[in-house]
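Now for the letters of each chain:
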Amino acid sequence: FDRRVFNFAPGPATLPEEVLKQAADEMLNWNGLGMGVMEVSHRGKPFMACYEETLSDLRELMNIPDSYAVLFLQGGAIGENAAIPMNLMPLAKNGPKADFVVTGIWGEKSVKEAAKYGQAHVAASSANTGFTSIPDQKNWQLSDDAAYVHICSNETVGGVEFQQVPKVSKPLVADVSSNILSRVFDINDFGVLFGGAQKNIGPAGLSIVIVRKDLLGHAMPITPMVWDWAKQAESDSMLNTPPTYSIYLAGLVFKWLKRQGGVAAMEKQNIAKSNLLYSTIDSSGLFASKVDESCRSRMNVTFYLKDEKLNEAFVEGAAKQGLMNIKGHKSVGGMRASIYNAMPMAGVQALVEYMKEFERGC
Ligand code: PMP
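Values in this document were obtained by computation on a predicted structure and should not be read as measured data.

## Quick notes on the site of the ligand
In step 1: Around the ligand, the neighbouring residues are Gly-11, Gly-76, Ala-77, Ile-78, Trp-106, Cys-152, Thr-156, Asp-175, Ser-177, Ser-178 and Gly-196.
In step 2: It is helix H3 (residues 76-88) that contributes the most residues to the shell around the ligand, three residues altogether.
In step 3: For the shell around the ligand, the residue count by class is four nonpolar, six polar and one charged.

## Some words on the sheet that holds strand S11 (residues 287-288)
As a general point, the strands of a sheet are linked pairwise by backbone hydrogen bonds and lie either parallel or antiparallel.
In step 1: Spatially, S11-S12-S14 is the arrangement adopted by the three strands of the open sheet, whose pairing is antiparallel. Of all strands in the sheet, those with a lone pairing partner are S11 and strand S14 (335-338), marking the two edges.
In step 2: Two strands pair when backbone bridges link them, and S11 and strand S12 (residues 300-305) are joined in this way by two bridges, in the antiparallel orientation. Pairing of Phe-287 across the sheet is with Leu-305, part of S12.
In step 3: Sheet contacts for helix H7 (residues 262-282): S11, S12 and S14; angle to S12, the most-contacted strand, approximately 15°.

## Notes on the domain arrangement of the chain
In step 1: Structurally, the chain comprises domain 1 (21-259) and domain 2 (262-360).
In step 2: Distance from the C-alpha centre of domain 1 to the C-alpha centre of domain 2: 27 Å.
In step 3: For the side of domain 1 that touches domain 2, the elements supplying multiple residues, two or more each, are helix H2 (45-62), strand S7 (160-161) and helix H6 (244-259).
In step 4: Counted by class, the side of domain 1 that touches domain 2 contains 10 nonpolar, 11 polar and four charged residues.

## Considerations on the UniProt feature "binding site: L-glutamate" (unreviewed entry) in the chain
In step 1: UniProt records the feature "binding site: L-glutamate" (unreviewed entry) at Arg-43, using the numbering of this structure.
In step 2: The residue Arg-43 is located in the loop between helix H1 (17-26) and H2 in this model.

## Some details on the UniProt feature "binding site: pyridoxal 5'-phosphate" (unreviewed entry) in the chain
In step 1: UniProt records the feature "binding site: pyridoxal 5'-phosphate" (unreviewed entry) for Trp-106, Thr-156, Asp-175, Gln-198, Asn-240 and Thr-241 in the present numbering. With a sequence span of 136 residues, these residues are also far apart in the fold, their greatest C-alpha distance being 29.7 Å.
In step 2: Mapping Thr-156 onto the fold places it in the loop between strand S6 (154-155) and S7.
In step 3: Setting aside its immediate chain neighbours within four residues, Thr-156 contacts Pro-10, Trp-106, Ser-177, Ser-178 and Asn-300.
In step 4: Turning to its location among the elements, Gln-198 is positioned in the loop between strand S9 (192-196) and strand S10 (207-212).
In step 5: Overall, Gln-198 belongs to the buried group, with 24 C-beta atoms counted inside 10 Å.
In step 6: Contacts of Gln-198, omitting those with residues within four sequence positions, involve Gly-11, Pro-12, Ala-13, Pro-203 and Ala-204.

## A look at helix H4 (residues 105-114)
In step 1: Every buried residue of H4 is accounted for by Trp-106, Gly-107, Ser-110 and Ala-114. The arc enclosing the buried residues of H4, seen along the axis, measures out at 100°, which places them on a common side.
In step 2: The inward-facing, buried residues of H4 abut H3, strand S3 (97-102), strand S4 (119-125), strand S5 (149-152), S6 and strand S8 (172-175).

## What about the sheet that holds S8?
In step 1: Taken together, the seven strands give an open sheet; going across it, the order is S2-S10-S9-S8-S5-S3-S4, and neighbouring strands pair in mixed fashion. Of all the strands in the sheet, the pair left with one neighbour each is strand S2 (68-73) and S4. Neighbouring strand axes in the sheet, compared pairwise and without regard to direction, differ in orientation by 20° on average.
In step 2: In this structure, S8 lies alongside S9, joined through three bridges in parallel fashion.

About the cut-offs
- Residues numbered from 1 in each chain as written.
- Predicted model: local features only at pLDDT ≥ 70, side-chain atom pairs only at ≥ 80, totals over all residues.
- Near = placed C-beta within 6 Å.
- Helix = DSSP H or I, 4+ residues; strand = E, 2+ residues; numbered from the N terminus.
- Nonpolar A, V, L, I, M, F, W, Y, C, P; charged D, E, K, R; others polar.
- Pairing = 2+ DSSP bridges.
- Contact = placed C-beta atoms within 7 Å.
- Axes fitted to C-alpha atoms, helices over the stretch in contact; angles between N-to-C directions.
- Domains from an automatic or database assignment.
- UniProt positions renumbered as here; feature names shortened; annotations may be inferred.
- Buried ≥ 20, exposed ≤ 12 C-beta atoms within 10 Å, placed from the backbone.
- Arc of directions from axis to C-beta.

Shown next, in the form of structure tokens:
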């Protein structure tokens, strides 16, 4: 291609063009230092200023109260799947235990990892629907003695998203990897929000943990130092060298988000983008969605072709037009268009035009 394409990849994912241009401009000489940001000390004044500003922009964008710590870590959401039980399960009154509401494969992975550290009780699961729904909260079998309740707010593979944050009596722990900053969250509804940055924020390598401060300081003695949230909170997340370039780029994305009008403006745009795609799917004779209408993801729109034989031609034809990475995850099949904040409306419009054209040709 001699131009940028529309990249519908689920993560790492497309980033705002103006952010990439700024990063390119600053690559060799950042802030007149005569060096790039990747080459400077994480403890030096220039990087610390960038770090503090990135942190405060995130706090502003998500309206994070002072009673929550924000950690910039590594190891991705998969790493946090181990860190969470190590840090929080000791809060359970009868031995390490947590409840899980499983709505997709990422939730399943969280259960498996947590079970290494204590009892990982599945309070509800939509496995019986092929992860196309969210179990009604009335039927959740929550335990009295769990330390927390774990959900995945947006299942990236299945395309299933909680449209309301559930209210539970225990701290709610949410994997927000694929919908952070895409919709307004009231942070007070959560004990912990965590996720990798490589979808709605920036390059891979950075993971973000937002944790209510009273939940810090209870980690199991076996907890590795870098996974101990209290220790990381005490040292500005710099117990070891942080992913400096990823933090810098996240900072550029946060500034971009502020210029777009912040999270509420993004949410409006994300509703418009996903509505356009779902209404095209619903009004078509060729495409269909398996996901329950009440929990269709605004970020990862999964759909399939009623005639599976056409899958390959559909994906290839899309790629020819610069509509890339629309093939669904192998465990689900079909198609998936990931339309994070940085995917412009023009990208979704181009995809919708292509879908209509493809159907007309059938
Ligand atoms: N949770 C969700 C919801 C995800 O989408 C992903 C990545 N696709 C993960 C966890 C795993 O994240 P990481 O690769 O950052 O460990």
